[in-house]
Amino acid sequence: MLQNKSLPIRQKLTALFLEFLKSEQSSGIILILCTVAALLLANSAVGKSFLDIWHFKIGFDLPGINLKFDLEHWINDGLMAVFFLLIGLEIERELYVGELSDIRNAALPIFAALGGMLIPALIYLFINWRSETQSGFGIPMATDIAFALGILALAGNRIPITLKIFLTALAIIDDLGAIVVIALFYSQDLSWVFLAMAAGIFFILLVIKRQKVRQLPVYLLLGLVMWYFILQSGIHAAIAGVLLAFAIPFDQGDASSLSYKLQHFLHKPVAFLIMPIFALANTGIVLKGISLGEVITPNTVGIFMGLLAGKPIGIVSFSILAIKLKIAQLPNGVSLKHLIGAGFLGGIGFTMAIFVTFLAFGDAAIIQNSKLAILLGSLLAGTLGYMILRIQKGGD
């Protein structure tokens, strides 16, 4: 079995990681407030006006260039690309100098994330096999890092820092898995011309990175062009954010690197502007007139059970498997109850789950019911995770 290092964990954390952790925790609490606000507004006297805002078209439409979309489209295809850019930068940092740079530290969250993606998808497919909603299998696969860390922060300061690191690494691997699933299974009507043009821009980015170009605006401008080409190619444009992240020079990952500077700059806008806007635009669900018969479908049951049961079962069982195989061991200060609590927090899908919903379905009613199942499943999973961790804390 692997041995834990005796050095204090806090000494091994970079300032950037602590900032990331802090911003994600705060963002999770703000996301909860924005979700509640969106639900209240959508079901109030101004509900129609509130929902119509997100369908207001802005932009321009020129010969050969169509950039006139409604606000919801700009948020989900534009602002979310910035969100994915930050996620990509964090994945890059974790791979180079973070928890995932050492296979001994990475083994447990890797196994946990694999279980947390595989089991929910299998549960969903079992319920929806060969139905019109089969394509929604990716919805319960990803963990919302902001919400999960936000709930973890509410559990109190006595929660081991090692558990926070584990959950963060798990969610980051989860996000990476979701990106791969989106690229492989949610791309439609591919335009090979635009895809080739996007690949060409990415190749140029890699070349100038290798030539040690250190002017960030150059990367951002080329990234914007790549985003447009990917948008037109049929692959979701948010993938451009991840590609751009890995094209930006990381160097030593210190405060002088472009990757560090951009990640540092993006933390606050993403946590306190982009994610709250996404929540407001996508969680305004009209509850009036909804019947149980309309809501309880194989799709919604698959999502609900995938998040509430599949996530904790997958995370905990695959973690135990890794420990039994002596590939990994529980971090210092983390008990099995902590792991179970974290497993339920992994069932908070929200941002990525809603994001995949729009990619999986085109029917407005299915999308709305899916979002309701995501909210209910995430709420119950988060509540159970919080209660388990609070009970564990009280017993310490």
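Description of the structure in this document. (Residues numbered from 1 in each chain as written. Predicted model: local features only at pLDDT ≥ 70, side-chain atom pairs only at ≥ 80, totals over all residues. Heavy atoms only, no water.)

1. As for the overall build of the protein
The secondary structure content of the protein amounts to 16 helices and two strands. Taken against the 2.2 N^0.38 rule, which gives 21 Å for 396 residues, the C-alpha radius of gyration of the protein at 21 Å falls within 12% of a compact globule. For the protein, the C-alpha atoms occupy an extent of roughly 65 × 60 × 40 Å along the three principal directions. In the protein, the proportion of contacts linking residues at least 24 apart, taken out of those at least 6 apart, comes to 82%. Surface exposure of the protein reaches about 17600 Å², of which carbon and sulfur atoms provide 69%. Charge separation in the protein, taken as the distance between the mean sites of 26 positive and 22 negative side-chain charges, equals 10 Å. (Helix = DSSP H or I, 4+ residues; strand = E, 2+ residues; numbered from the N terminus. Rg over C-alpha atoms; globule rule 2.2 N^0.38 Å. Contact = heavy atoms within 4.5 Å. Areas by Shrake-Rupley, 256 points an atom, 1.4 Å probe, with all protein chains shown as cover. Lys, Arg positive; Asp, Glu negative; His and termini not counted. Charge placed at Lys NZ, Arg CZ, Asp CG, Glu CD.)

2. A word on the side chain of threonine 300
As for its placement among the helices and strands, threonine 300 is situated in helix α13 (residues 298-324). With relative accessibility at 5%, the residue threonine 300 sits in the buried group. Residues in contact with threonine 300, not counting those within four places in the same chain, are Val295, Asn369, Ser370 and Ala373. (Buried < 20%, exposed > 50% of the residue type's maximum accessible area, 1.4 Å probe, protein only.)

3. Observations regarding the environment of alanine 106
Within the element layout of this structure, alanine 106 appears in helix α5 (residues 103-128). On the basis of relative accessibility, which here comes to 1%, the residue alanine 106 falls in the buried class. Remark: the alpha-carbon pair of alanine 106 and leucine 170, spanning 64 residues in sequence, is separated by 9.0 Å. Contact partners of alanine 106, with chain neighbours within four places excluded, come to Glu99 and Leu100.

4. Considerations on the layout of surface pockets
By volume, the largest pocket amounts to about 800 Å³. Of all the elements in the fold, those that place two or more residues in the lining of the largest pocket are α4 (71-96), α9 (216-233), α15 (350-360) and α16 (364-394). The element that contributes the greatest number of residues to the lining of the largest pocket is α16, accounting for six residues. Classifying every residue of the lining of the largest pocket by side-chain character gives 18 nonpolar, eleven polar and four charged. (1 Å grid on protein atoms, 1.4 Å probe; cavity = no way out; pocket = protein on both sides within 12 Å on 5 of 7 lines; lining within 4 Å. Points joined across faces, edges and corners; volume = space filled by probe spheres on them. Nonpolar A, V, L, I, M, F, W, Y, C, P; charged D, E, K, R; others polar.)

5. Things to note about the packing of aromatic side chains
Under the criterion given, the structure shown has ten aromatic pairs. Between phenylalanine 69 and tryptophan 74, the aromatic rings sit 5.5 Å apart at their centres with planes inclined by 65°, giving edge-to-face as the arrangement. Given the relative accessible area of 10%, phenylalanine 69 is considered buried. The class for tryptophan 74 is partly exposed, based on a relative accessible area of 23%. On the numbers, 5.3 Å between centres and 45° between planes, the contact of phenylalanine 84 with phenylalanine 355 is tilted. A residue pair is termed long-range when its members are at least 10 positions apart, and phenylalanine 84 in helix α4 and phenylalanine 355 in helix α15 qualify at 271 residues. Each member of the pair, phenylalanine 84 as well as phenylalanine 355, is classed as buried. Among the aromatic side chains, those forming a connected cluster through ring pairs are Phe69, Trp74 and Trp227. (Phe/Tyr/Trp six-rings, centres within 6.5 Å; stacked < 30°, edge-to-face > 60°.)

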